[in-house]
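Given next are the chains, with one letter for each unit.
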Amino acid sequence: MSRASLLHRTLRSGFICTSTRGALLALVRRSASLMASRGATYAGQNRYLIYYAQEHMEFRFPELRSLCKLLKIPINEDQLQAEQSESPFLLLDLPGDEEARLLVQRSVLMKSCYECLVHAREMTHLREHIQRLPADLIATYSTSGSSFRLRIHAYGRKLSSQDVRNRIELLKVFPLDSRVDLQNPTHSFHLLEDYGLEDLAEPALKPAQLFFGRWLADSNKDAAHKLRLDERYFIGTTSMDPLLALVMANQALVSPGSLVYDPFVGTGSLIIAAAYFGGYTFGADIDKILLHGRGRSTRAKKTWRKSDESVLANFRQYGLEKQYVDVLVADATSRFLRDDVQFDAIIADPPYGVREPIARVGKEKFNPSCDDTQAVS
């Protein structure tokens, strides 16, 4: 664990006094930046800034590596090792804009991606580097008929309207010769300020680092909102969080046409996530009552499940019915599939017997096989 990561954990622990906390916070801010004190210009170097959401942080790099493998995008592992795991910002070398867009648009943990032009620790140094941006680069953003806008973001601090206006005034040193269009610009340039940990009682007055770059794309993070459990038709007590299910589908390298199997399918959260990315999905579960949508409902103020509740009903709800192969009532510990069946991915959340009781269903058979009574749909 890096010194900065260790200090972040110590700050979060709550077992240190105020004076010590202040000293540690100052040390974290000094350790946060790996660049020279006066900043750096990355124009034309294919250096990209990934802005992460602060959710499931332990899965950021596993998802990133999986997506780069899926999309055949090379990455510099040294940059991943050097970055602080709790910072929402990641500087990454990528082959070009198109690869950066493909990466962020498939991710569900990222928020946005930018072509990073300048990285600095102070506004003064940032403005100096902006003024010295290469003329040929500026010319590409100032072609006839092009337009631009400036946007300001802050992590760890809420900026007032006046703060935003002040920063826009400071960025007028950006030597761009094109018209302003706030609604539909050709290029959108963003200033991102990093004030450190968001949960500190006293936000920092000055940012630990600043980034200036060109926005490329936003992520696929809204997918988790589209698949949220509170509006899903068929759920159970162990239905998986949609965001985590999508992360697992990304790590499983699910792509259009993949055949995906979940041996503990339950209410289908994982295969719905796989279907969202274009996979054809198949599942099995030992719980016959659940798969047939029978028994007591897990929703508040509802006693029994409706007659049409099922995994297939969820697929229909999201318009993913074509990605649904089937689900079967079966014991994952028995060999009920043919030996030559092959799947592109197997994703599962095995039962632990914590929220759902462990029960035995049916009788042991010699040479078991599927029959009509096991078919759910």
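Computed from a predicted model, the values in this text were never measured in an experiment.

(A) Structural detail: helix α6 (residues 123–131). Those residues of α6 that sit buried are Met123, His125, Leu126, His129 and Ile130. Buried residues of α6, seen end-on, are gathered within an arc of 160° and therefore sit on one face of the element.

(B) Structural view of the pairing of strand β7 (residues 187–194). In terms of residue burial, β7 counts as a mostly covered element, since eight of its eight residues are buried. Residues of β7 alternate between two faces, with His187, Phe189, Leu191 and Glu193 on one and Ser188, His190, Leu192 and Asp194 on the opposite face, all of them buried. Two strands pair when backbone bridges link them, and strand β5 (residues 147–155) and β7 are joined in this way by eight bridges, in the parallel orientation. Across the sheet, residue Ala154 finds its bridge partner in β7, namely Glu193.

(C) Broad picture of the confidence of the model for the protein. Across the protein, the average pLDDT comes to 85, with 81% of residues at 70 or higher. Every residue in residues 1–8 is under pLDDT 50, and counting partners more than four places away or in other chains gives 15 contacts. Note that residues 28–36 has pLDDT below 50 and, in this model, 19 contacts with residues that lie over four places away or in other chains.

(D) View of the sheet that holds strand β9 (residues 259–262). Strand order in the open sheet made by the four strands is β11-β10-β9-β12, with parallel pairing throughout. The two strands at the open ends of the sheet, each matched to only one other strand, are β11 (324–329) and β12 (345–346). In terms of strand pairing, strand β10 (residues 280–285) meets β11 through five bridges, oriented parallel. Bridged to Thr281 within β11 is Tyr324. Contacts between helix α11 (residues 269–276) and the sheet are confined to β9, β10 and β11, with β10 contributing the most and set at about 175° to the helix.

Conventions and cut-offs
- Residues numbered from 1 in each chain as written.
- Predicted model: local features only at pLDDT ≥ 70, side-chain atom pairs only at ≥ 80, totals over all residues.
- Heavy atoms only, no water.
- Buried < 20%, exposed > 50% of the residue type's maximum accessible area, 1.4 Å probe, protein only.
- Helix = DSSP H or I, 4+ residues; strand = E, 2+ residues; numbered from the N terminus.
- Arc of directions from axis to C-beta.
- Pairing = 2+ DSSP bridges.
- pLDDT = per-residue confidence, 0-100.
- Contact = heavy atoms within 4.5 Å.
- Axes fitted to C-alpha atoms, helices over the stretch in contact; angles between N-to-C directions.

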